[in-house]
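# Overview (structure and organization)
Here is how the chains run, residue by residue.
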Amino acid sequence: TTLFRSNLIILTNSFPSIPLVNDIWLKDELHFTYQYYHKIFIIPTYCSGTYTDLPSNCEVVDIQKANFIELTLKEKLVSIQIVLSDFKSYPSKLNFFKALRYNYSLIKALMLSAKKISSFTNLFEPDTLVYAYWADNLATIASILGKLYLRCKVITRGHGFDIFEEQTKYQVIPFRKFQYKHIHKILAVSKKGFEHLNHKNTTYSKLNTYSYMGSMDRGLSVFEPTTPFSICTCCFVRSIKRLE
């Protein structure tokens, strides 16, 4: 396989920190991804310091070890602009103002994370790709990187709550309009998610696509249809999972 001459940066919630409680599907995905990049840097929001086994060209970066960094006045003003860009998205404008203080604090924290990532200059080469594993706060960090600090291509993966507005508190995915202006692709994990993105964001439909998640095929075990059997699931027990 021919290696790409670029680096891949993956933003995660906690993967590959042990215990594996978030982003766990990424472990199998990396089994295929690693061979296409010169170097893969994984940047989790939470680092336990103990990590699961990774391919040899993968490295974990703890941005909390970055030098002391503060936001400039210009960056704080950009943060305000990003928050205000959500105004039209709120079905209830009252809820926009209810969430205003929280969202402003949130976007400043995300901008600070992006600034810390950009301070690790060794991560970035020409054509570096930034891959946010969730289309929520991680996608916003990636979008800020693309807008303010680096010229890099940005993609993100959307699952459930980070695609379907009805699964959120105010029926709004924070900073989605800002994300769309600075990402190159949102990859929904289902066709349903892909169709929803197209319905809600017709202006940016060319940025939407889908890419199924999966796990390693371990083959079939012995099955005797005449004996009782159990079905095990690791999903959340909610109506949206259609367990019936």
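Now for a quick tour of the structure. (Residues numbered from 1 in each chain as written. Predicted model: local features only at pLDDT ≥ 70, side-chain atom pairs only at ≥ 80, totals over all residues. Heavy atoms only, no water.)

### Regarding the overall build of the protein
The test is simple: Going along the chain from the N terminus, every DSSP run of H or I of four or more residues is numbered as a helix, and every run of E of two or more is numbered as a strand. Note that the radius of gyration is over C-alpha atoms, with the globule rule given as 2.2 Å times the number of residues to the power 0.38. Exposure categories follow from relative accessible area, calculated using a 1.4 Å probe and restricted to protein chains: below 20% of the type maximum is buried, above 50% is exposed, and the middle band is partly exposed. Whether two residues are in contact is decided by their heavy atoms, any of which lying within 4.5 Å being enough. Here the open area of atoms and residues is found with the Shrake-Rupley method and a 1.4 Å probe, where only the protein chains shown may cover a residue. In this count, Lys and Arg are taken as positive residues and Asp and Glu as negative ones, while His and the chain termini are left out. Note that the charge is assigned to NZ on lysines, CZ on arginines, CG on aspartates and CD on glutamates.
Counting its secondary structure elements, the protein contains six helices and seven strands. Order of helices (α) and strands (β) in the protein, N terminus to C terminus: β-α-β-β-α-α-β-α-β-α-β-α-β. On C-alpha atoms alone, the protein measures out to a radius of gyration of 19 Å, which is about the 18 Å that the 2.2 N^0.38 rule sets for 244 residues. On the principal axes, the C-alpha backbone points of the protein span a range of 70 × 45 × 35 Å. Counting the 244 residues in the protein, one finds 44% classified as buried. Expressed as a percentage of contacts within the protein between residues at least 6 apart in sequence, the contacts between residues at least 24 apart total 68%. By element, 55% of the accessible surface of the protein is carried by carbon and sulfur atoms, the whole surface being about 14700 Å². Computed over 30 positive and 19 negative side-chain charges, the separation of the two mean positions in the protein equals 10 Å.

### Observations concerning helix α1 (residues 26-33)
Along α1, the residues that are buried comprise Leu26, Asp28, Glu29, Leu30 and Thr33. Here the buried face of α1 lies against β1 (7-12), β2 (39-44), β3 (58-60), β4 (129-132) and β5 (153-158).

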